[in-house]
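Structural description and commentary
Residues per chain, in single letters:
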Amino acid sequence: MSSTGVKMEQTVSSFIGKPVKMLIGKNWVDAINGATFPVYNPATGEVLANVAEGRKEDIELAVKAARSAFEEGPWARMTPADRGKLLWKLGDLLEKHLEEFAQLESLDNGKPLTVARAADVPLAADLLRYMAGWATKIEGSTIPISVPYTPGTKYLAYTLREPIGVVGQIIPWNFPLLMAAWKLGPALATGCTVVLKPAEQTPLSALRLAELIQEAGFPEGVVNVVAGYGETAGAALAAHPDVDKVAFTGSTEVGKLIVQAAAGNLKKVTLELGGKSPNIVFKDSNLDEAIAGAASAIFFNHGQCCCAGSRLYIEEAVFDKVVDGVAKIAEGIKVGDGFDPNTQMGPLVSDEQLNRVCGYMKSGFDQGAKALAGGEKLGDKGYFVKPTVLTNVDQNMKVVQEEIFGPVVTAMPFKTTEEITPVANDTVYGLAAGIWTSDISKAHSLASKLRAGTVWVNCYNIFDAAMPFGGYKQSGWGREMGKESLELYTEVKSVCVKM
Ligand code: ADP
């Protein structure tokens with residue numbers, strides 16, 4: 001592992017140099033009980049910043065601020081065009097501060113600075129601008145009703161799409177800024193108000209974004225950001241009786257807790273949860289592209305993607321060639337500090353995550369798996385693990401069935417499309433899938449049979465603000481991005497007028 005190569009921006013060092021507060025209404029405040037919690041740099045294991053730790057009583061205040069902004073504030077009276085302008089401005093501000101956000105993200109999450117610059121920050125800005133355009137296009141419809149029991153009477157019936165209200169948003173640590181943007185964009189475009197709770201491992205970019213939200217001119221209370229732990233702040237938000245909707249991204253296990261917590265007031269729930277996505281390589285594909293694609297499907301963001309292509313199925317005739325190719329790429333990946341410009345893969349986000357990934361690898365080995373590449377942690381400082389390719393696996397092993405959320409792919413051979421389709425679908429998850437083939441009929445036919453919210457053909461991990469993303473089965477409820485996400489932040493009101 002190399003020493004860091006990029007100089008930290010002065011704005012970054014001053015932001016993390018003092019305890020970071022929470023935004024409630026228009027004020028940056030400490031936690032009511034004064035508590036703070038440490039945030040670690042995963043490349044070194046050292047404390048990076050101290051952040052105000054929100055708990056139930058802080059969530060209470062944030063929800064009050066969001067409620068008041070929703071019911072009474074200038075936000076409630078603002079035109080859709082003005083909401084759109086604010087969102088656009090926020091996207092511009094984010095872009096203006098690209099380097100600063102990329103650095104915060106790399107320091108906090110561990111991802112390479114080069115990746116945060118090229119992906120996380122621009123995608124977040126793009127999403128905000130995409131949603132800015134929707135603010136003026138949230139439309140109802142007119143409905144020609146007949147009403148058989150009032151013959152001769154005419155009615156004008158139409159629907160309104162209204163903002164759902166106060167929304168609690170709970171996000172994970174794998175793409176801290178981008179997940180904040182995915183959540184805030186549709187909520188603000190539709191006119192909702194928000195209490196956002198970033199992950200305790202990576203709260204910094206969302207808190208800095210809250211400063212830009214103020215700078216852009218969003219009225220007070222429209223966005224409140226409270227960092228804190230899941231079991232306290234997160235649980236209080238999910239259960240809060242005055243929250244109209246909770247939107248959650250994280251593990252399927254916690255997703256189920258969110259559903260239970262939401263039952264008290266039957267708030268609306270959307271969930272973007274785990275995955276164990278199949279990536280299927282046929283012998284008629286462009287093998288060089290398939291090999292590179294299969295490697296990046298699992299190793300991008302260190303495998304800490306809910307849609308990571310973690311189950312690689314390869315047609316038997318090309319199994320050795322493809323799996324050797326992926327292993328060769330794995331071995332060549334430069335793992336190190338995210339601030340080193342040569343680093344291609346940074347550390348995992350936390351000690352807990354490192355132990356979890358190593359535990360899964362051990363369970364694979366105990367059940368007979370072999371590591372063609374990697375298979376162990378790397379170094380003794382920070383939370384590094386080697387990019388890993390496991391062979392000699394079968395469908396029932398834990399490493400094939402459970403989400404590892406690390407740079408570990410299992411590779412298995414298959415003979416025919418008929419044989420592989422049910423195997424690919426043999427998972428409780430249904431978030432994404434990949435198909436590599438030059439046969440377009442096979443590609444479309446298999447795409448229609450895969451039970452997954454996104455199917456990539458001859459590509460992987462391609463995201464766009466306009467393309468909905470979300471899961472079948474236990475990968476979630478609802479969709480993020482695209483027009484579908486906006487509908488989930490609105491209520492439909494039917495208005496019926498006797499003429
Ligand atoms: P991971 O296991 O990968 O850390 P989690 O699903 O635990 O993912 O975390 C995702 C988000 O959910 C984080 O913001 C976390 O604080 C929050 N969270 C964790 N537990 C709960 C809970 N019981 N209620 C509400 N939010 C929670």
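For the structure, check the block above.
These figures come from a predicted structure and were not determined experimentally. (Residues numbered from 1 in each chain as written. Predicted model: local features only at pLDDT ≥ 70, side-chain atom pairs only at ≥ 80, totals over all residues. Heavy atoms only, no water.)

Take the environment of Pro-278 next. Here Pro-278 is to be found in strand E12 (residues 278-281). On a C-alpha basis, the gap between Pro-278 and Thr-193 in space is 37 Å, while along the polypeptide they are 85 residues apart. Setting aside anything within four residues of it in sequence, one finds Pro-278 in contact with Arg-311, Tyr-313, Ala-424, Ala-432, Ala-433 and Gly-434. (Helix = DSSP H or I, 4+ residues; strand = E, 2+ residues; numbered from the N terminus. Contact = heavy atoms within 4.5 Å.)

Now for the packing of helix H7 (residues 176-190) against helix H8 (residues 204-216). Direction vectors running N to C along H7 and H8 enclose 50 degrees, while the axes themselves pass 9 Å from each other. Relative to H8, the element H7 lies oblique. The handedness of the crossing between H7 and H8 comes out as right-handed. Contact residues: H7 offers Pro-176, Leu-177, Ala-180 and Leu-184, while H8 offers Ser-205, Leu-209 and Ile-213. Here the residues of the contact of H7 with H8 sort into six nonpolar, one polar and no charged. (Axes fitted to C-alpha atoms, helices over the stretch in contact; angles between N-to-C directions. Parallel < 35°, antiparallel > 145°, perpendicular 65-115°, else oblique. Left-handed = near helix turned anticlockwise from the far one by under 90°. Nonpolar A, V, L, I, M, F, W, Y, C, P; charged D, E, K, R; others polar.)

This brings us to empty space enclosed by the protein. With the rule as written, the count across this model stands at four cavities of 30 Å³ or more. One number sums up the size of the largest cavity: a volume of about 90 Å³. Every residue lining the largest cavity is counted, 17 residues in all, and those nearest its centre are Lys-183, Thr-270, Leu-271, Arg-479 and Glu-480. Listing elements by their share of the lining of the largest cavity, those giving two or more residues are H7, strand E10 (245-249) and strand E11 (268-272). Taken together, the residues of the lining of the largest cavity break down into eight nonpolar, four polar and five charged. Each pocket or cavity is described by its volume, and for the second largest cavity that value is around 60 Å³. If you go around the second largest cavity, you meet 13 residues; those closest to its centre are Ala-308, Ser-310, Glu-403, Ile-404 and Phe-405. Of the residues assigned to the lining of the second largest cavity, the class counts are seven nonpolar, four polar and two charged. (1 Å grid on protein atoms, 1.4 Å probe; cavity = no way out; pocket = protein on both sides within 12 Å on 5 of 7 lines; lining within 4 Å. Points joined across faces, edges and corners; volume = space filled by probe spheres on them.)

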